[in-house]
Amino acid sequence: MCYTAGGVELTRVTVVDMLGKTALDMLVKPPRTILDYNTKYSGITEADLREVEHTLEDAQRAVSRLISWDCFIVGHSLENDLHALKLIHKNVVDTSIVYYEGKLKKSLAALSADILGRIIQSEETGHDSTEDAVASLDLMKQKLKITDNFRL
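Definitions and cut-offs
Residues numbered from 1 in each chain as written. Predicted model: local features only at pLDDT ≥ 70, side-chain atom pairs only at ≥ 80, totals over all residues. Heavy atoms only, no water. Pairing = 2+ DSSP bridges. Helix = DSSP H or I, 4+ residues; strand = E, 2+ residues; numbered from the N terminus. Axes fitted to C-alpha atoms, helices over the stretch in contact; angles between N-to-C directions. Phe/Tyr/Trp six-rings, centres within 6.5 Å; stacked < 30°, edge-to-face > 60°. Lys NZ or Arg CZ within 6 Å of the ring centre and 35° of its normal. Buried < 20%, exposed > 50% of the residue type's maximum accessible area, 1.4 Å probe, protein only. Patch = residues over 30% accessible without salt bridge, like charges linked within 9 Å, V, L, I, M, F, W, Y side chains within 5 Å. Areas by Shrake-Rupley, 256 points an atom, 1.4 Å probe, with all protein chains shown as cover. Salt bridge = Lys/Arg side-chain N within 4 Å of Asp/Glu carboxyl O. Parallel < 35°, antiparallel > 145°, perpendicular 65-115°, else oblique. Left-handed = near helix turned anticlockwise from the far one by under 90°. Contact = heavy atoms within 4.5 Å. Lys, Arg positive; Asp, Glu negative; His and termini not counted.

Draft legend 1. Region of interest: the sheet that holds strand β5 (residues 34-36). Strand order in this open sheet of 3 strands is β2-β1-β5, and the pairing throughout is antiparallel. One side of each edge strand has no neighbouring strand; the edge strands of this open sheet are β2 (7-9) and β5. In this sheet, neighbouring strand axes are inclined to one another by 50 degrees on average, regardless of whether the strands run parallel or antiparallel. Where strand β1 (residues 2-4) meets β2, 3 bridges bridge the pair, whose relative direction is antiparallel.

In structure tokens:
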């Protein structure tokens, strides 16, 4: 997400499947002038979006093709992502809530390090959305003791 003249807007949407394989990774060009690419957190630079033509509506269609109303969406602080996508969904599993302890939500990086023993979001170039999605998924698998061989 980046900051535009209209507020926070979507610049990338990434979806992984139950095995952590990338099902969708789409850059999105906001319709309004970008004021701050938020690169530290988004990983997106001006150069990344220079040739991008996908719109928010393109991203919404792509996500809707992959995720049915009955699917469960797993992620960290998903309210931000769903707000940027301008989507609602009935089955949301949010690791920031599932692992909530005390007064503050733990960051995805902290949970990944503490629970999975995996360091993420350490690059100077910002977050990697696929790495973040896989970490969220793996945190839920850990919580539920699900292996890659698990089938619903």
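This is not the end of the story, as more comes after the structure.
Draft legend 2. Representation of the packing of aromatic side chains within the structure. All told, the structure shown has 0 aromatic pairs when counted by the stated rule. Over the ring of Tyr99 we find Lys143; its NZ or CZ atom is 4.7 Å from the centre of that ring.

Draft legend 3. Molecular detail of the pairing of strand β3 (residues 12-16). In terms of burial, β3 is largely enclosed, as 4 of its 5 residues are buried. The pairing of β3 with strand β4 (residues 22-27) spans 5 bridges and is antiparallel. Bridge pairing in β4 places Val16 opposite Thr22. Counting the residues that bridge the hairpin from β3 to β4 gives 5 residues, and of these Gly20 lies at a positive phi of roughly 85 degrees.

Draft legend 4. Spotlight on a nonpolar patch on the surface. Taken together, the side chains of Tyr3, Val8 and Leu35 present a nonpolar region at the surface, about 300 Å² in accessible area. If you trace the backbone, Tyr3 turns up in strand β1.

Draft legend 5. Spatial organisation of the packing of helix α6 (residues 108-116) against helix α7 (residues 129-144). Interhelical geometry of α6 versus α7 gives an angle of 45 degrees and a closest axis separation of 10 Å. The orientation of α6 relative to α7 falls into the category oblique. The handedness of the crossing between α6 and α7 comes out as left-handed. In this structure, α6 uses Leu108, Leu111, Ser112, Ile115 and Leu116 to contact α7, whose residues at the interface are Asp132, Ala135, Ser136, Asp138, Leu139 and Gln142.

Draft legend 6. Molecular detail of the side chain of Asp132. The residue Asp132 is located in helix α7 in this model. Look at Asp132: it is buried, it has no salt bridge, and the nearest opposite charge is Arg118 at 9.0 Å. Among all residues touching Asp132, those that are not within four sequence positions of it are Leu108, Ile120, Gln121 and His127.

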